[in-house]
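# Structural description and commentary
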Amino acid sequence: MTTLVIDNTFDDPTRRAPLVLGHDRFGTVTEKICSISEARRPPRAWYIAFAISLAFASILGVMILYLFATGVGVWGNQNPVMWGFPIVNFVFWIGIGHAGTLISAILFLFRQKWRTAINRFAEAMTIFAVICAGTFPGIHLGRVWVSYWIFPIPNQMEMWPQFRSPLLWDVFAVGTYFTVSLLFWYVGMLPDLATLRDRARTKVRAMAYGIFALGWRGSVRHWHRYERAYLILAALATPLVLSVHSVVSFDFAVAQVPGWHTTIFPPYFVAGAIFSGFAMVMTLAIPARQLWGLRDFITMRHLENMNKIILVTGSMVGYAYLMEFFTAWYSGSIYEWFAFANRAFGPYAWAYWIMVSCNVVIPQIFWFQWARRKIAVMFIVSLLVNLGMWFERFVIIVTSLAQDYLPSSWGYFTPTWVDLLTLAGSFGLFMTLFLLFCRYLPIIAMAEVKHVMPQANPHGHAGQEPGESEAGR
Amino acid sequence: MIPADITNENRYLGELVPKICRYAGLGGLALLVASVVLGWAGEAGWERLLRSYLVAFFFVLSLSLGGLFFVLLQHLTRAGWSVVVRRIAEGLADNLKWLWIPFIPILVAVWTGHLYDWADPSRLSDAERALFQHKEPFLTPWFWTIRAAVYFGVWAWLARFFVNRSVQQDATGDPQATARMQSVAAPGMILYAFTQTFAAVDWIMTLEFAWYSTMFGVYFFAASTCGAFAAMIIIFYLLQRSGRLTNVITTEHYHDLGKLLFAFGVVFWAYIAYSQYMLIWYANIQEETIWFVIRQLGGWKTMSIFLILGHFAGPFLILISRYPKRWKGVLAIGAAWMLGVHFIDLYWLVMPAIPAELIQSVTTYSQLVTEFEASYLPEYDLHWRVLDLTCLLGVLGVFVAMAAWSMRNRSLVPERDPRLDESLAFENY
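A count of helices and strands for chain B gives 17 helices and 0 strands. Overall, the C-alpha framework of chain B stretches about 70 × 45 × 40 Å when taken along its three principal axes. For chain B, with 429 residues in total, the buried portion stands at 59%. Contacts spanning at least 24 positions in sequence make up 84% of the contacts within chain B whose residues lie at least 6 apart. For chain B, the accessible surface area stands at approximately 16,600 Å², while carbon and sulfur atoms represent 66% of it. Between the averaged position of the 30 positive side-chain charges in chain B and that of its 32 negative side-chain charges there is a distance of 10 Å.

This paragraph deals with the overall build of chain A. In terms of helices and strands, chain A carries 16 helices and 0 strands. Relative to the globule expectation of 23 Å for 473 residues, the C-alpha radius of gyration of chain A, 23 Å, shows essentially globular dimensions. Summarising its shape, the C-alpha atoms of chain A cover approximately 75 × 50 × 40 Å along the three principal directions. Burial analysis of chain A (473 residues in total) assigns 56% to the buried set. Sequence separation of 24 or more characterises 78% of the internal contacts of chain A that already satisfy a separation of 6 or more.

Quick look at helix H11 (residues 334-345) of chain A now. An α-helical turn contains 3.6 residues, so a residue and the one three or four places further along point in the same direction. All names here are of chain A. When the terminal C-alpha atoms of H11 are compared, their 15 Å separation across 12 residues agrees well with the 16 Å that a helix rising 1.5 Å per residue should span. Taken as a whole, H11 has its buried residues at Glu 336, Ala 339, Phe 340, Asn 342, Arg 343 and Ala 344. Next to the buried residues of H11 lie helix H10 (300-331), helix H12 (349-361) and helix H14 (375-402).

The subject of this paragraph is empty space enclosed by the protein. Counted under the stated rule, the structure contains 5 cavities of 30 Å³ or more. Lining the largest cavity are 13 residues, and of these His261(A), Thr262(A), Thr327(A), Tyr212(B) and Thr214(B) lie nearest its centre. Those elements that place two or more of their residues in the lining of the largest cavity are H10 and H11 of chain A. If one sorts the elements of the lining of the largest cavity by residue count, H10(A) sits on top with 4 residues. Grouping the amino acids of the lining of the largest cavity by side-chain chemistry returns 3 nonpolar, 7 polar and 3 charged.

Residues and elements named next belong to chain A. By the element assignment, Gly 76 lies in the loop between helix H2 (44-70) and helix H3 (85-96). The buried category is assigned to Gly 76, whose relative accessible area is 12%. For Gly 76 and Phe 278, which are 202 residues apart along the polypeptide, the C-alpha to C-alpha distance reads 30 Å. Setting aside chain neighbours within four positions, we find Gly 76 in contact with Phe 413, Thr 414, Thr 416 and Asp 419.

Confidence along chain A averages 90 in pLDDT terms, with 95% of residues attaining 70 or more. Below pLDDT 50 for its whole length, residues 462-473 of chain A participates in 40 contacts with residues either more than four positions away or in separate chains.

Tracing the backbone through its elements, the reader meets Ala55(A) in helix H2. C-alpha separation for the pair Ala55(A) and Arg201(A), spaced 146 residues apart in sequence, amounts to 32 Å.

Attention now goes to the pattern of salt bridges. All names here are of chain B. For the coordinates displayed, the defined rule picks out 26 salt bridges over all chains. For Arg 86, the salt bridge is made with Asp 417, and the minimal N-O distance between the two is 3.0 Å. One end of the pair, Arg 86, is in helix H3 (residues 83-94); the other, Asp 417, is in the loop between helix H16 (386-406) and helix H17 (420-424), with 331 residues separating them in the sequence. For the pair Arg 86 and Asp 417, one class covers both residues: buried. Notably, a salt bridge pairs Arg 410 with Asp 94, separated by 3.0 Å at the nearest N-O pair. You can see Arg 410 sitting in the loop between H16 and H17 and its partner Asp 94 sitting in helix H3, a full 316 residues away along the chain. Since its relative accessible area comes to 14%, Arg 410 is described here as buried. Judged by its relative accessible area of 3%, Asp 94 is buried. The network of salt bridges with common partners includes Arg 86, Arg 87, Glu 90, Asp 170 and Asp 417.

Conventions we followed
- Residues numbered from 1 in each chain as written.
- Chains lettered and ligands numbered in written order.
- Predicted model: local features only at pLDDT ≥ 70, side-chain atom pairs only at ≥ 80, totals over all residues.
- Heavy atoms only, no water.
- Helix = DSSP H or I, 4+ residues; strand = E, 2+ residues; numbered from the N terminus.
- Buried < 20%, exposed > 50% of the residue type's maximum accessible area, 1.4 Å probe, protein only.
- Contact = heavy atoms within 4.5 Å.
- Areas by Shrake-Rupley, 256 points an atom, 1.4 Å probe, with all protein chains shown as cover.
- Lys, Arg positive; Asp, Glu negative; His and termini not counted.
- Charge placed at Lys NZ, Arg CZ, Asp CG, Glu CD.
- Rg over C-alpha atoms; globule rule 2.2 N^0.38 Å.
- Expected span 1.5 Å × (residues − 1).
- 1 Å grid on protein atoms, 1.4 Å probe; cavity = no way out; pocket = protein on both sides within 12 Å on 5 of 7 lines; lining within 4 Å.
- Points joined across faces, edges and corners; volume = space filled by probe spheres on them.
- Nonpolar A, V, L, I, M, F, W, Y, C, P; charged D, E, K, R; others polar.
- pLDDT = per-residue confidence, 0-100.
- Salt bridge = Lys/Arg side-chain N within 4 Å of Asp/Glu carboxyl O.

So, in structure tokens, the structure goes:
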């Protein structure tokens, strides 16, 4: 038995840090990760969290029923702010849903091997976040019974959706994203589902996992095809990471509304989405890591890397805020300048400064190493970033509409109790799905984690100790 | 695959340096003199010479800035694969320490009221003059010059810092140098982002006095990565042809450089260009569309369509495949093509100008097209001139000579980088 490394946070250019700590055999990795879903009972904290989440999810259901029975008047959406909470929540949740595919596709193509420990539940989170996101435009339609009209389905009436509208592009962008993310998540999970099937103690478990494992036997041919499929899906998913939030940004940026129409919106929205998505991964990873004792897989180095990405993307968002403000002044357009000055100093200044401090100022703490390695600090920052990114969408949508070109039609948006409970309920739905995932599926990609362990690479090249993987970039 | 042993390699420019300096450097200077003569004696005039010169200057600036970005990025991500290709990127970036010298003509132009309409407010229309009062604090020659000094100062400092540390490490082999560069890379990237953005705003975007786009800095960033990655591929190809680094740089490194060229220079560039165009076209606000209107008239229209096909569609279809990226000769041709279209992209950014009186005299787009074709076409249409080429080759020749000169005593690979072995053994799976 070799000596086990405990600290892998060093930044030593002469050697790569190990990514899995405390395991020198594949068997113990399987045992540890499978035990989470094989346990007879999940930890007590899981039950408590699940009960709360389910309660909130039920609130969401009740709110939607109330909405359908009454009409969208129950929301705070009112002239001039016709896009209120539902669209804010939609963009927020879509943004959350970006980290998963970034981690699984882009970091994969960039050979960032540390992603293996977090990609599975980040992808799961993506799927649940997109479900939450999709709910909002769906229930916003007014006549929900004809909601299938948003799809271009051939029909006798020759009724087609407006192809020139970015709202329809959203349908395609989000639909494609959801499909590919789901496929990616599922394909990546096949070897692990087969592991769970093979270890199953009961007939029911063996059947359930067996059906979803699609007959995976782990033959060389299976692995070969699997890895090709994974690479192709990663290549297909990569442009989707950029396209979805770019299209969402088009919803705003194609309009002539000051504060919405600015050319930097597409990359700025993408950076913001990845930023908020990583913050949400952090918010979920920290408790999961504590609860199920996953510190050997989601090591301090992983958390530190994620904090660095939060810092990078937060700074990109800051760059965009600055360019918008500068250009609003530089343009010499009084409407542009009013929109931005009004955001910062007008009736919604409180929201604007929450946004700026949570998204740009607070993440700067991650310039300091101690902050990147302190669980409490990163957890609080991740919560604040989630808050800040929700407010970013609120600021963009509400402030630009509330004070438009005509002062006589100015207004002030106030959410109703239905708005607030629907938002809270969407968190309930999200958490319910996530907790079910934690209970029944392999939350860490076992097969992939084993790939980045030294034992998987016995023929290390020159300059590497035999068995040392070129991990931890 | 057995990793190459760098000691068996010819890894110095050696006798090439005097040759390059003589042919490229002196040739370049001669071409620059020829450009001045053409500008002075030819029909094109000084203004045209300055614009051509600005394109050529931006061409070499983009190579250097793209090289600096590459160096920063590799340190920031603690990359291992790229060690053997990093020295050439450093060589490109190293030129930033003297690029302020070829900038002097542009500086003189601003102080003498040339090149930019705002430099000589009497050239502005009445409507623009009101706007000028608003923008004046930003566009006074003084403030503009101070900003330029800051950009060049930051770039020169960043380039010197990374190049010197890296070269010193060849002698000392000290891993601490790498650690130090890694920690400076992060704030360096922030400085890079802002200086690069505002340089593009100051020197290109303000050519069209009233126009603005928040995306512009990102557009120039995408363009400069295209230039630098293409240049690196070509440089390695030529070095290997001359018997240098023959085994150090492998197919795997070309493959990765090709991927970067594809991702940044082709796809990311197209993403940014499309987003900028589509948003402005869709919203159809006059002060924004004006910039694209001229680029949709006469020969500029052909050039715009050419950029879509030649900078995006064609290279996309070719470089997406694995084979061309691993086939040195083909990749080098592709990179040369990308470098060419990158020049055309910069030309397309800088050259077109639309007469203000035309905009004021028409009310519809079709009227504008008719009017433009009837009376303005000879003066404002796309006309290639000899001095476009002499300026480009002149500045580029001097640029290449300076890069070769600073590499005269340096190894072409970071010899004792702690991750050199990883880079030599690198394979794409």
